[in-house]
Amino acid sequence: MTTRLVLGYAAGAAADRGETVRLLEIMRRLRDPERGCPWDREQSFATIAPYTIEEAYEVADAIERDDMASLKDELGDLLFQVVFHAQMAAEAGAFDFADVAANLSDKMERRHPHVFGADHVPSADAQAQAWEAHKAAERIARAGSEDRAAGVLDGIALGMPALSRAIKLQNRAARVGFDWPSLAPVLDKLDEELSELRAELAQGQTGRLEDELGDVLFVLANIARHMKIDPEAALRKCNGKFERRFRRIEQHLANQGKTPAESSLAEMDELWDRAKAEERGR
């Protein structure tokens, strides 16, 4: 049985390599300066980056819907983004797909010494702490090569969704002791920030409203962090709930031969409460 499993794994690995080679060749041909696709040839890292982000969100959406067929498709689309960037880098003489894979493999082995070395990690929490320690050491090493001190907040991508980046920033600061000791003072801070927002609104000063609203959102992210809730996931769930209930409003109005634009706020508010009651009654 063991021999059979090893042979099966080897055959599968060989097939995987064949498909990887095929995919890389497809990408190379798409970017061929003479016979490639005109659209693909015109792209750059900057123009492709938004598609990369979009594909990552579509992967998350397939997972949220527990749709394995879509997940397989969306993971392929996301992989194609990696291949696209690697091909453009190869054309520029910077690196290629093999370099990306090798760098990733080196990093995974380096950050998992309990799997690929002699270290022992007793729990998932301990591994998470060890992972962050490895990342911090890598940041320090990179900073040394750049002749500057490594900062606690280094390496947090600017392109992340703002709420997710807020959590990352707060977690990094918390690891060096810059954090509220419990949820209660964070809730007090939310009250303080809301009061400042209300004060700006009362004075009719629009110049600072964006800053004050940003402070409120940052504290809300901190509340989510202390509650161990992903604020992006919570907001996605809330968006879905709003969408479901508003579609029910549209459906009820359509049954009356009306559209939302032809209805009053009071009518729609009543139907909103009805949609909520219908959901809770399921």
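The following paragraphs examine the structure supplied in this document.

Criteria and cut-off values
- In every chain, residue numbers begin from 1 and rise along the written sequence.
- Where local features are concerned, this predicted model is filtered to residues with pLDDT of at least 70; where side-chain atom pairs are given and counted, the filter is 80 or more; whole-chain, interface and lining totals use all residues.
- Side-chain metrics in this entry use all non-hydrogen atoms of the structure; hydrogen atoms and water are not considered.
- Convention adopted: a line fitted to C-alpha atoms gives each axis, helices being fitted over their contacting stretch, and angles between N-to-C directions are expressed from 0 to 180 degrees.
- Only DSSP runs of H or I covering at least 4 residues are called helices, and only runs of E covering at least 2 are called strands; the numbering of each starts at the N terminus.
- Handedness of a crossing follows from how the near helix is turned relative to the far one, being left-handed for an anticlockwise turn of less than a right angle and right-handed for a clockwise one.
- For this analysis, residues touch if any pair of their heavy atoms sits within 4.5 Å.
- By the convention adopted, Pro, Cys, Tyr, Trp, Phe, Met, Ile, Leu, Val and Ala count as nonpolar, Lys, Arg, Asp and Glu as charged, and the other residues, Gly among them, as polar.
- Take the buried Ala, Val, Leu, Ile, Met, Phe, Trp, Tyr and Cys residues and link them wherever side-chain atoms come within 4.5 Å; each set so joined is a nonpolar core.
- When a residue's accessible area, from a 1.4 Å probe over protein chains only, is under 20% of the maximum for its type it is buried; when over 50% it is exposed; and in between it is partly exposed.
- How far a helix is expected to stretch is found by multiplying one less than its residue total by 1.5 Å.
- Two N or O atoms count as a polar contact when they lie within 3.5 Å, although within protein this holds only if one can serve as hydrogen donor and the other as acceptor, and sequence-adjacent residues are included solely when both atoms are side-chain atoms.
- Comment on the angle field: the value is read as roughly parallel under 35 degrees, roughly antiparallel over 145, roughly perpendicular from 65 to 115, and oblique elsewhere.
- Salt bridge, as used here: a side-chain nitrogen of Lys or Arg that lies within 4 Å of a carboxyl oxygen of Asp or Glu.
- Here is the rule: rings of Phe, Tyr and Trp (six-membered ring for Trp) pair when centre to centre is within 6.5 Å. Planes less than 30 degrees apart are stacked, more than 60 are edge-to-face, and the remainder are tilted.

## Let's talk about the packing of helix α11 (residues 231-255) against helix α12 (residues 265-280)
- Closest axis-to-axis distance for the α11/α12 pair is 9 Å, and the angle between their directions is 120 degrees. Every pair of crossing elements has a handedness; the one defined by α11 and α12 is right-handed. Across the interface between the two elements, K241, F242, R244, R245, F246, R248, I249, H252 and L253 of α11 pack against M268, L271, W272, R274, A275, K276, E278 and E279 of α12.
- In the contact of α11 with α12, the residues fall into eight nonpolar, one polar and eight charged.

## Some points on the nonpolar core
- Residues M27, I48, V83, F84, A86, M88 and F97 constitute the largest nonpolar core, which totals seven residues.
- Broken down by element, this core gets its largest block of residues, four residues, from helix α4 (residues 68-91).
- If we ignore the near neighbours within four places in the chain, the residues touching A86 are F95, D96 and F97.
- Formed by six residues, the second largest nonpolar core is a distinct cluster that contains V186, L190, L197 and V216.

## Overview of α11
- For α11, which comprises 25 residues, the first-to-last C-alpha distance of 36 Å matches the rise-based estimate of 36 Å (1.5 Å per residue) to within 8%.
- Taken as a whole, α11 has its buried residues at P231, E232, R245, I249, H252 and L253.
- Looking at the packing, one finds that the buried side of α11 touches α8 (162-175), α10 (209-226) and α12.
- Put simply, D230 is the residue that caps the front of α11, since its side-chain oxygen is 3.0 Å from the backbone nitrogen of E232.
- Backbone geometry just after α11 places G257 at a positive phi near 75 degrees.

## As for the packing of α8 against α11
- Following both chains from N to C, one finds α8 and α11 inclined at 155 degrees, their axes separated by 8 Å at the closest point. Classified by the angle between their axes, α8 and α11 sit roughly antiparallel to one another. Taking contact as the criterion, the partners of A162, L163, S164 and I167 in α8 are, on α11, P231, E232 and L235.
- Split into classes, the residues belonging to the contact of α8 with α11 amount to five nonpolar, one polar and one charged.

## So, the pattern of salt bridges
- In this structure the tally under the stated criterion is 16 salt bridges.
- What you see here is one network of salt bridges that share partners, running through D61, R65 and D67.

## Observations regarding unusual backbone geometry
- With a phi close to 55 degrees, D66 is a non-glycine residue in the positive phi region.
- Relative to the elements of secondary structure, D66 occurs in the loop between α3 (45-64) and α4.
- Its identity is not glycine, yet K228 carries a phi of approximately 60 degrees, on the positive side.
- Summarising the element assignment, K228 is placed in the loop between α10 and α11.
- A relative accessible area of 78% means that K228 is categorised as exposed.

## Description of the packing of aromatic side chains
- Using the criterion set out here, one finds four aromatic pairs in the structure.
- When the centroid spacing of 5.9 Å and the interplanar angle of 75 degrees are considered together, the rings of F80 and F84 count as edge-to-face. Of this pair, F80 and F84 both sit in helix α4, four residues apart, roughly one helical turn.
- On the basis of an interplanar angle of 15 degrees and a centroid distance of 6.0 Å, the ring pair of F242 and F246 is categorised as stacked. With F242 and F246 both in helix α11, this residue pair falls four residues apart, about one helical turn.

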